[in-house]
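A closer look at the structure
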Amino acid sequence: MGMAVSVSFTYGQEFSRTSRIETDSTIECYHFKIEVPVGLSFIDKGRSHNYHTARFHFPEEQTQTKVLSDRIDTQMRTHMVMLGGNTSHYAEENITAAGGQVTMRGGMTINSDPTQYISELRPALSQPINLELHLGHGGAWIDLSDLRTRGVEIMSSASDIFFTYSKPNLERMHVLKIDNAMGKIVLRNLEFARAEQISVENGMGDTKIMLGAQSFGASY
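Residues numbered from 1 in each chain as written. Predicted model: local features only at pLDDT ≥ 70, side-chain atom pairs only at ≥ 80, totals over all residues. Heavy atoms only, no water.

1. Quick notes on the overall build of the protein
Quick note on the threshold: Each helix corresponds to a stretch of at least 4 residues labelled H or I by DSSP, and each strand to a stretch of at least 2 residues labelled E; elements are numbered beginning at the N terminus. For every residue, the accessible area (1.4 Å probe, protein chains only) is compared with the maximum for its type, and the residue is labelled buried under 20%, exposed over 50%, or partly exposed between those bounds. Between two residues, a contact is recorded if the distance between any of their heavy atoms is within 4.5 Å. Here, Shrake-Rupley sampling with a 1.4 Å probe gives the accessible areas, and only protein chains in the shown set may cover a residue.
In terms of helices and strands, the protein carries zero helices and 15 strands. With 220 residues in all, the protein has 47% of them scored as buried. Contacts in the protein between residues at least 24 apart in sequence constitute 54% of all its contacts with a sequence separation of at least 6. Total accessible area on the protein stands at roughly 10600 Å², and carbon and sulfur atoms take up 48% of it.

2. Points about the side chain of Ser41
Structurally, Ser41 is set in strand 3 (residues 29-44). Non-local contacts of Ser41, meaning those with residues more than four positions away in its chain, are made with Val36, Ser119, Leu135, Gly139, Ala140 and Trp141.

3. Comments concerning the pattern of salt bridges
How we decide: Definition used for salt bridges: Asp or Glu carboxyl oxygen within 4 Å of a side-chain nitrogen of Lys or Arg.
In the structure shown here, the tally under the stated rule is seven salt bridges. Its salt-bridge partner being Asp146, residue Lys45 comes within 3.3 Å of it at the nearest N-O pair. Placement of the pair is Lys45 in the loop between strand 3 and strand 4 (51-58) and Asp146 in the loop between strand 10 (128-143) and strand 11 (148-164), with a sequence separation of 101 residues. On the accessibility criterion, Asp146 (25% relative accessible area) is partly exposed. Salt bridges here are not isolated pairs; linked through shared partners, they connect Asp44, Arg55, Glu120 and Arg122.

4. Focus on the environment of Met82
On the secondary structure map, Met82 appears in strand 6 (residues 75-83). Accessibility expressed as a relative area gives 1% for Met82, which makes it buried. The sequence separation of Met82 and Val67 amounts to 15 residues, and the corresponding C-alpha distance is 9.1 Å. Those residues in contact with Met82 that sit more than four places away from it in its chain are Glu35, Val36, Pro37, Phe56, His57, Phe58, Thr63, Gln64, Thr65, Tyr117, Ile118 and Ser119.

5. Structural notes on the side chain of Glu171
Where we set the bar: Pairs of N or O atoms within 3.5 Å make up the polar contacts considered here, provided that, within protein, one atom can donate a hydrogen while the other can accept it, and that residues adjacent in sequence are counted only when both atoms are side-chain atoms.
Note on placement: Glu171 falls in the loop between strand 11 and strand 12 (173-182). Residue Glu171 is classed as buried on the basis of its relative accessible area, which comes to 16%. At a separation of 3.2 Å, a polar atom in the side chain of Glu171 contacts the side chain of Arg148. A distance of 2.8 Å separates polar atoms of two side chains, one belonging to Glu171 and the other to Arg150.

6. What about the packing of aromatic side chains?
The following threshold applies: Think of it this way: a Phe, Tyr or Trp ring, Trp meaning its six-membered ring, pairs with another when their centres are within 6.5 Å, and the plane angle makes it stacked under 30 degrees, edge-to-face over 60, tilted otherwise. For a Lys NZ or an Arg CZ to count as sitting over a ring, it must be within 6 Å of the ring centre and within 35 degrees of the ring normal.
Under the defined criterion, the tally for this structure stands at four aromatic pairs. Where Phe163 meets Tyr165, the ring centres are 5.7 Å apart and the plane angle is 65°; that geometry is what we call edge-to-face. A residue is classified by how much of its surface remains accessible, and Phe163, at 1% relative accessible area, is buried. Each residue in the set Phe42, Trp141 and Phe162 is aromatic and connected to the rest through ring pairs, giving one cluster. Looking at Arg20, its charged tip hangs above the ring of Tyr51, at a distance of 4.1 Å from the centre.

7. Points about the pairing of strand 5 (residues 64-72)
The line we're drawing: Pairing between two strands requires that DSSP report at least two bridges joining them.
Here strand 5 pairs with strand 6 via nine bridges, running antiparallel. Directly across from Val67, in strand 6, lies its bridge partner Met80.

8. Looking at unusual backbone geometry
Negative phi characterises most residues that are not glycine, and trans characterises most peptide bonds. Here Asp73, not a glycine, exhibits a phi torsion of approximately 55°, which is positive. As for its position among the elements, Asp73 is in the loop between strand 5 and strand 6. Its identity as a non-glycine residue notwithstanding, Asp146 has a phi of 65°, on the positive side.

9. Observations regarding the environment of Arg172
Its place among the elements puts Arg172 in the loop between strand 11 and strand 12. Spatially, the C-alpha atom of Arg172 lies 9.0 Å from that of Gly151, the residues being 21 residues apart in sequence.

Structure below.
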């Protein structure tokens, strides 16, 4: 249980890899750490209670993708990483399921189009989750509507971040933290996060926060 199963596909000149992390009734929370130095990231709810889905799309076979899961007591930690074939000259890899990170060095001088590298996470329905995102150059579209999200931390150097809700979080969130060095931040229906603590910092770029008229506890 909790093992990730990976499948690779090739469509013409494009490549795709998919992993499934099976759910387990004895797991109290699933922690996802996602690192994408270059590319676009998408997170929204999946269609099954039985597994989480991680999917990558990329233009060349040299791109490295890893999904590593490690169970510690009643917690499951999953580390997702995508390193594009042209990012290796500024990214240093040190990856494990429970820890490690991609350390970015130097300037963002790569020639790759970030829209060619796509990472997706579809969390299983009704499973408590924590999210930690480390983003480089690109963008992230996150819709956590109708999920059981307990915490979100996003650290970005140069990404546009779009964080939205159409339905309330199924339980209170402890912390929602976004720290972006440069880029656009858009938060829509933030009250639906039901977050007890919210921190949003943007060094260079526009920040928009949109609130509705309803209140669902916390998110103040």
